[in-house]
Structures are given as structure tokens and as C-alpha cells.
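Chain by chain, the residues run as shown.
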Amino acid sequence: MISDLSHDLESEILARVPSKSLAKLQTTCKRWYTLFKDPKFVKKNNNLCKASKEVMLLLDYKVYSISVNRVHNSFEASVDFTGKLISLEDSKDIELSRIFPCNGLILCVTKYFTSLVVWNPCTGETRSIKPIHVSQRADSYAFGCGNIESSRHNYKILRCSSYYKTSQQVVISFEVYEFSSDSWRVLDGVNDKWRMHYSDDVVSLKGNAYWMHKDREAGHNVLHSFNFTMEVFVSFPLPDQSDDDRRGLVLSVVREEHLAVLHRSTGTFLTEMIVWLSNKIDEAKVVSWSKFLVFSFDNFEYPRYPKEMTFWVDDENKVVVTCVRDLNNCDHVYIVGEDLHKHVYEVANDTWIWPCLLSYVPSLCHIPKAKEEGY
């Protein structure tokens, strides 16, 4: 019986069990409850269960988990809604406008921007964050953490807000919220070139935030990043720095291991899609990319003039799932790959929040409380 095992061996065995299964067992006994809260155990569990991944879809202010039937022919390809995720606050349904995953936790922005909530869908744990001042629709957020190699992460939120001081002058401000101190502080001396727009795809990888921006001086798009450990902004080159406005760019994360950039031609109809994956990103502002998938739409029509697009990459099966909103405010989900293209879902949607596909890796990661010892 497992009760006859030494605690060290028991811990080694449990560390290999997927996080979602462990979350259901945490009330089995006090010893396991304590073990599953141990940051060192959580880090080991995350490292040993990296293959575990899920797809989340933000649709009509709700977050759903979906499963993608990863097959290699169009006839059988499909997407199934496996359920709405755990409610954020008891039995209340909180409506959300944006979600930002980072290391198993998710920063949620509520529908009317009245509050921020950090949530672990795996354990159901939550923590409310009081905004520094009244939030606006144009505010942008990034979620990340410092000391990513440590078992105790220093979670932080970056907020970019803007307002018109005069009809000709826009004021940009950046603030950082730190979980350990439960307080916001202003980042001084930040150039507006680092501005995050509400419509930007801001993602988190290995604790740092990334988003794309048109560099007006350079005349092409670049990849911006905020390092939450050193609290500095840096830029990286994109795989294709074309300044052709007909090429749309979308950013995503693959299993919290790679950045993914989707290039799409945005003429009358979508004609080609190219997906790149990052191979290496280092502190010397160096990044390398490899071409993951090239897909032609010669025989497969996408919505005309797609307004918004997000995507999820299954790198193991060479499949990309895209979610697109068309001009008639209908949301569509497609599965594409080599010799695979299928329209698998469509729904009319009159909300101003566009649908969002996200990669999520379940984790037992504990949400630190204010001034918690060790954080």
C-alpha cells in the first residue's frame, strides 16, 4: 500500500501524476494537502508533467475548456466543448473580457473592467486584485513573474493605461502590481514606444511578457518583451519583419515552451498562413525561429476580411486551431494542418469581446497572499 512507502518515494510517485488528478486528491489526507502546497513539489510536478496541456476558449464572456480531436483527415477533425470551467467565485458566474495565463495561473479582467481576479482553474483558488485606479476599456495588462527558476515565483502584473491630456496629447503610464507587497507602483521614465494596446495579443512565456508592435522608426513590426525579474523592456526581431500591412500578425504560446507567430495575408480573402515557432530566446536580445507550418487556402475559403484571429498550436501533431470573427460578427473555429482543413464551429456573437483561444498548462501552483513568508 502507498501508506507503507517512505515519504520521499511517495512524493516521487505523486510528482508524476497530472496536476488535475492531484487537485482532486488534495483533501484525501493532511499529508498530501501539505505536500501539494509545497512549492518545491509543485515545481517538480510541473517539470515532470510538461506534456499535459489544455485549450481554453474565451467566448461570450465565459471561459470554456475544449478538446481538439487531432486527426489527419478533414472528415473526422472536430472540436468538442468539454465544459465551462470552475466558477471564479462560489456559484456566481463572473463575466470576463480578457484572460492572461502564466505558469498555471490566469489573470482575469472582468467584463466592465471593475476588478481583476487571479485564478487557478486546476485548484479553484482565487485572489482579487484591487486596481490602482478606475480601469478603462483601453487599459492593457500583462501577467508574469520574476525568479522563474525558483520554486517560489514572484508574481507581478504590468498595466499600461492611456488618456488624452489635450486633444493632441496622449499620456501613457505604466504601473506594476507585486503580489508580495499587495501594492501598485508607477514605472517612471518609460518611453511610449513600449505601449501595449488593448487589442494586442499579450502572452507570457517563462515568466516574461511578449507582444508585437509596429516600430515606426524602423518601419516594421517587432516583438516587445517585459522582463518581470529586472523590470526592463526589450525588443526582439520577428521571423518576418515585412512592413506589408496586408500581412496580419498573431502571437501565441505553445505549452509554455515556445512562442508562436502566425502570419496571414489579409486581402479580400485569406490566401496563405505561415506559423513560426521560437527556438531560443536569451537576455542578449537574440531569438531564433523555425517555420512550423505553411498552409495555402487556394481550395479552402476563410471569412472575408477577418476582423480578429487567435490560434492554438498542437506541435506534436502539426495542427493549428484558429478562431476567427467575420464582418457579420460570427465566430468560427477551424482546424488546419498539412492536408487538413475543416470548419468545425460557428456561432453568432454580438459582444464586443472577440473570442480567444489559449494554451493552458494545469498546475497546482499556489496563489501567494500579500506579505506571505518566502514570497
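Computed from a predicted model, the values in this text were never measured in an experiment.

The rules behind each value
Residues numbered from 1 in each chain as written. Predicted model: local features only at pLDDT ≥ 70, side-chain atom pairs only at ≥ 80, totals over all residues. Heavy atoms only, no water. Helix = DSSP H or I, 4+ residues; strand = E, 2+ residues; numbered from the N terminus. Buried < 20%, exposed > 50% of the residue type's maximum accessible area, 1.4 Å probe, protein only. Contact = heavy atoms within 4.5 Å. Areas by Shrake-Rupley, 256 points an atom, 1.4 Å probe, with all protein chains shown as cover. Salt bridge = Lys/Arg side-chain N within 4 Å of Asp/Glu carboxyl O. Arc of directions from axis to C-beta. Polar contact = N/O pair within 3.5 Å; in protein donor to acceptor, adjacent residues only side chain to side chain. Pairing = 2+ DSSP bridges. Core = buried A, V, L, I, M, F, W, Y, C linked by side-chain atoms within 4.5 Å. Axes fitted to C-alpha atoms, helices over the stretch in contact; angles between N-to-C directions. pLDDT = per-residue confidence, 0-100. Phe/Tyr/Trp six-rings, centres within 6.5 Å; stacked < 30°, edge-to-face > 60°. Lys NZ or Arg CZ within 6 Å of the ring centre and 35° of its normal.

Would you mind showing me how to read the overall build of the chain here?
Looking only at helices and strands, the chain features four helices and 24 strands. Of all 375 residues assigned to the chain, the portion counted as buried reaches 53%. Excluding contacts between residues fewer than 6 apart, the proportion of contacts in the chain whose partners are at least 24 apart in sequence is 51%. Surface exposure of the chain reaches about 17,700 Å², of which carbon and sulfur atoms provide 48%.

What am I meant to see in the pattern of salt bridges here?
Pairing of side chains with opposite charge becomes possible as their charged atoms draw close. If you walk through the whole model with that rule in mind, you get nine salt bridges. Note that Arg159 and Asp139 form a salt bridge whose closest N and O atoms lie 2.4 Å from each other. Here Arg159 is found in strand E9 (residues 154–164), whereas its partner Asp139 is found in the loop between strand E7 (126–129) and strand E8 (140–146), with 20 residues between them in sequence. Across the pair Arg255 and Glu257 runs a salt bridge, and its minimum N-O distance is 3.7 Å. On the basis of relative accessible area, Arg255 is assigned to the buried category, the value being 14%.

What am I meant to see in unusual backbone geometry here?
With the exception of glycine, the majority of residues adopt a negative phi angle, and the majority of peptide bonds are in the trans configuration. Despite not being glycine, Arg255 has its phi angle at roughly 50 degrees, a positive value. Look at Lys318: it is not a glycine, yet its phi comes out positive at around 55 degrees. Tracing the backbone through its elements, the reader meets Lys318 in the loop between strand E20 (308–314) and strand E21 (319–325).

I'm lost on helix H4 (residues 39–48) in this one. Help?
Listed as buried for H4 are Pro39, Phe41, Val42 and Asn45. The arc that holds every buried residue of H4, seen down its axis, measures 160 degrees, which confines them to one face. The secondary structure elements touched by the buried residues of H4 are helix H1 (7–14), helix H2 (19–25) and helix H3 (30–37). Two or three places before Lys40, at the start of H4, stands the capping residue Asp38, its side-chain oxygen 3.0 Å from that residue's backbone nitrogen.

What am I meant to see in the pairing of strand E24 (residues 356–360) here?
Among the five residues that make up E24, five are buried, leaving the element largely enclosed by the rest of the structure. Here E24 shows two buried faces, one formed by Cys356, Leu358 and Tyr360 and the other by Leu357 and Ser359. The sheet contact formed by strand E1 (residues 54–59) and E24 spans five bridges and is antiparallel. For Val55, the partnering residue across the bridge sits in E24 and is Ser359.

How should the nonpolar core be read in this particular structure?
If you look at soluble globular proteins, the nonpolar side chains tend to sit buried side by side. Within the largest apolar cluster, 59 residues are counted, with the highest numbers of intra-cluster contacts made by Phe143, Ile157, Leu158, Phe179 and Phe226. No other element matches the five residues that strand E5 (residues 105–110) contributes to this core. With near-sequence residues (within four places) excluded, Ile157 lies in contact with Leu107, Ile129, Tyr141, Ala142, Phe143, Glu175, Val176, Tyr177, Phe179, Trp184 and Phe228. The next biggest cluster of nonpolar side chains, apart from the first, holds 17 residues, and it includes Leu262, Leu293, Phe295 and Val313.

So what exactly am I meant to see when it comes to the sheet that holds strand E4 (residues 96–102) here?
Backbone-to-backbone hydrogen bonds join strands into a sheet, with any given pair of strands oriented parallel or antiparallel. Strands sit in the order E4-E5-E6-E7 across an open sheet of four strands; the sheet is antiparallel. Two strands lie at the open edges of the sheet, namely E4 and E7, each paired on one side alone. Across the sheet, the axes of successive neighbouring strands diverge by a mean angle of 20 degrees, strand direction being ignored. The sheet contact formed by strand E6 (residues 116–119) and E7 spans four bridges and is antiparallel. Paired with Val118 across the two strands is Arg127, which belongs to E7.

It is not clear to me how the environment of Leu327 should be interpreted in this structure. Could you clarify?
Structurally, Leu327 is set in the loop between E21 and strand E22 (330–337). According to the relative accessible area criterion, Leu327 is exposed, its value standing at 51%. In sequence terms Leu327 and Glu308 are 19 residues apart; their C-alpha atoms lie 9.6 Å from each other.

Just checking my understanding: could you explain the confidence of the model for the chain for this structure?
The predicted coordinates ought not to be read in detail in places where the model reports low pLDDT. Here the chain averages 77 in pLDDT, while 76% of its residues score no lower than 70. The element-level mean pLDDT for the chain is lowest in strand E3 (residues 78–84), coming to 61, with strand E12 (residues 203–205) highest at 92.

What is the right way to read H1 from this model?
Side chains three or four residues apart in an α-helix point the same way, a direct result of the helix having 3.6 residues per turn. Of all the residues in H1, the buried ones are Glu10, Ser11 and Leu14. The arc that holds every buried residue of H1, seen down its axis, measures 100 degrees, which confines them to one face. Taken together, the buried residues of H1 touch H2, H3 and H4.

Would you explain the packing of aromatic side chains in this entry?
Aromatic ring pairs are defined here through the distance separating the ring centres and the angle between the ring planes. In this structure the tally under the stated criterion is ten aromatic pairs. Judged by centre distance (5.3 Å) and plane angle (65 degrees), the rings of Phe174 and Phe233 are edge-to-face. Here Phe233 lies in strand E15 (residues 232–236) and Phe174 lies in strand E10 (residues 170–178), a separation of 59 residues in the sequence. Of the two residues examined, Phe174 and Phe233, each falls in the buried class. Where Tyr177 meets Phe179, the ring centres are 5.4 Å apart and the plane angle is 70 degrees; that geometry is what we call edge-to-face. For the pair formed by Tyr177 and Phe179, the shared burial category is buried. Every member of this aromatic cluster is reached through a ring pair, and the members are Phe143, Tyr155, Tyr177, Phe179 and Trp184. Taking the ring centre of Phe292 as reference, the NZ or CZ of Lys318 above it sits at 4.9 Å.

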